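Below, each chain spelled out in residue letters.
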Number of protein chains: 2
Amino acid sequence: MKIIRTIQEMKAYIKSLQNERKQIGFVATMGYFHEGHLTLMESAKRENDAVIASVFVNPLQFGPNEDFDTYPRDEERDIQLARETGVDALFMPSAEEIYPQRPSITLSITERTDVLCGKSRPGHFDGVLTVLTKLFHIIEPNKVYFGMKDAQQTAVVDALIQDLNFPVELRGIETVREVDGLAKSSRNVYLSEKEREEAVWLYRALEKGRVLVADGETSPVTIINEVKQTITDNTNGKIDYVELYRYPDLKAVSKLNGQVVLAVAVHFNKARLIDNIIFDETGKKLTSFTNR
Amino acid sequence: MKIIRTIQEMKAYIKSLQNERKQIGFVATMGYFHEGHLTLMESAKRENDAVIASVFVNPLQFGPNEDFDTYPRDEERDIQLARETGVDALFMPSAEEIYPQRPSITLSITERTDVLCGKSRPGHFDGVLTVLTKLFHIIEPNKVYFGMKDAQQTAVVDALIQDLNFPVELRGIETVREVDGLAKSSRNVYLSEKEREEAVWLYRALEKGRVLVADGETSPVTIINEVKQTITDNTNGKIDYVELYRYPDLKAVSKLNGQVVLAVAVHFNKARLIDNIIFDETGKKLTSFTNR
């Protein structure tokens, strides 16, 4: 596996792949890999000739009071895991390499962001879009892989590709879960034993909402209340939000018709967990998708 | 020559060119071709396997009080001229094709714009950047061609490519002039016979400024005053601006050292003319350039 730290070297490598007419799959990450990241890389491996992953903790997407400095980093472990997963090249640029000066051109998004986690992180997705645009231009991938665990990020990347006509295919990949259904997350280690047992109720609550829909319910308020009640009855967590929106445009829904995302965020003592499921008005789940 | 009106058809055509490993040169225009446009197409023709030009009057780059509705259009003539110049495909999408809905993602630029013509057109270059990003993604050119007559636009495209790492080479092409030196422009026809004679003094004034520099002058104020005086002495035009900036970053210069642009805008009775020259501290002119 190549470890590439400069844009120039990456562009030369991309040119060589293109000359060999290789299809490139790309996984953009902030490192500190967990099974979710590795699953994206495995999907990219199955569907492309070459897989490139990037590890870049993007300062532009952190707010002034957020944890840029303390965001967990472990280069050696990431290199090891990417190699074992069959990644062809790992792009690990410095902040100075990506932003030699403060960028004079930035992207901003006016929709899909004032809901869910985006509400409390103004400017976050603008930073995500700017760095992804740069990475997509450097790596020129045929397909890019994002986890559906962060449904809002996937929706924002979908907007980026559609609105700006990026010559890239978006693959949304199913959330990886523990055997009991809890969505995998680096933050799960912060749960106490009791909280860990309770945490499974996030997914169970979402599923109860979905089953209501499958049984004919069309009112978002009823579905959301069912999810809230289930979480309150079964955990000591503090609900941050339970929301339901049309997917992927994240518009409010007054009556279920078409694809929606049902999403939760719950604070436990030392960890805030998020989860979501996407389904249509018949309750049929979307487990992965391809947008061109 | 192909005439292509949909993004889907253009993407299919681009794919076929890429399969044949053809290098693509691209000229983005708002149509109503004059010799300046045709020179860009000819340059693209010489340096690439296939030339694509676009004609799209971009609503996003016009202010509310600007002339979007009355901007001159002549499709038949443009098709004829592009065909004669050897363009391979002319992209003529509708506004609905490029903006099926109001874009939720836009680009903005915070530098290089608060000077020259950009000062009086807030938001103009944001609209330019957004449409160019879309066009570059649709056409995936190897090289893009812009006229140095609009030095600020060329500087802004340079920022776009550098800041966002576009896999595109920028070619700046020399301003086309009449035999007496007047920069070619569709607006020259609005000049009276007397104004047409006077108008040559824009270029002559710029050249006098450049010769001062070649003779050792390093003060921007002295150079600018010489240009202003020359225009005032020889025309009845009303000077909008005479400015000098470092090029391409368009920063203020206190003492000449390195490449600068010396630019003028002058109002005549029915036409506002612009012109510029780019040179270094020895007075050596830049007539065309390539930025990767």
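Just so it is clear, the model here is predicted, and its values are computed rather than measured. (Residues numbered from 1 in each chain as written. Chains lettered and ligands numbered in written order. Predicted model: local features only at pLDDT ≥ 70, side-chain atom pairs only at ≥ 80, totals over all residues.)

## Comments concerning the overall build of chain A
The secondary structure content of chain A amounts to eight helices and 11 strands. Against the 2.2 N^0.38 benchmark of 19 Å for 292 residues, chain A shows a C-alpha radius of gyration of 19 Å, consistent with a compact globule. Looking at chain A as a whole, 45% of its 292 residues qualify as buried. Look at the contacts in chain A between residues 6 or more apart in sequence, and 70% of them connect residues 24 or more apart. (Helix = DSSP H or I, 4+ residues; strand = E, 2+ residues; numbered from the N terminus. Rg over C-alpha atoms; globule rule 2.2 N^0.38 Å. Buried ≥ 20, exposed ≤ 12 C-beta atoms within 10 Å, placed from the backbone. Contact = placed C-beta atoms within 7 Å.)

## Considering the environment of Ser120(A)
Residues and elements named next belong to chain A. Within the secondary structure layout, Ser120 lies in the loop between strand E5 (105–109) and helix H5 (124–139). Judged by the 11 C-beta atoms lying within 10 Å of it, Ser120 is exposed. Separated by 47 residues in the primary sequence, Ser120 and Pro167 place their C-alpha atoms 31 Å from one another.

## Some details on the domain arrangement of chain A
All names here are of chain A. The domain architecture assigned to chain A consists of domain 1 (2–173) and domain 2 (186–285). The centre of domain 1, based on its C-alpha atoms, is set 27 Å off from the matching centre of domain 2. With 11 residues of domain 1 at the interface, the matching set in domain 2 holds 14 residues. Counted by class, the side of domain 1 that touches domain 2 contains seven nonpolar, two polar and two charged residues. (Domains from an automatic or database assignment. Nonpolar A, V, L, I, M, F, W, Y, C, P; charged D, E, K, R; others polar.)

## Side note on the pairing of strand E2 (residues 24–29) of chain B
Residues and elements named next belong to chain B. With respect to burial, E2 is a largely interior element, six of its six residues being buried. Both faces of E2 are covered, namely the face carrying Ile24, Phe26 and Ala28 and the face carrying Gly25, Val27 and Thr29. Bridge count for E2 against strand E3 (residues 50–55) is six bridges, and the pairing is parallel. In the strand pairing of E3, Ile24 is matched with Ala50. Read as a crossover between parallel neighbours, the route from E2 over helix H2 (residues 35–47) to E3 is right-handed. In this sheet, strand E6 (residues 143–147) lies alongside E2 in parallel orientation, the contact comprising two bridges. Directly across from Gly25, in E6, lies its bridge partner Lys143. (Pairing = 2+ DSSP bridges. Right-handed = clockwise from strand over helix to strand, strands pointing away.)

## Considerations on the pairing of strand E7 (residues 169–173) of chain A
Residues and elements named next belong to chain A. Of all five residues in E7, four are buried; the element is thus mostly enclosed. Here strand E6 (residues 143–147) pairs with E7 via five bridges, running parallel. Its bridge partner being in E7, Lys143 is matched across the sheet by Glu169. Taking the sense of rotation as the criterion, the β-α-β connection linking E6, helix H6 (residues 151–163) and E7 turns out right-handed. Pairing of E7 with strand E11 (residues 289–291) involves three bridges; the strand directions are antiparallel. When the sheet's bridge partners are listed, Leu170 is paired in E11 with Asn291.

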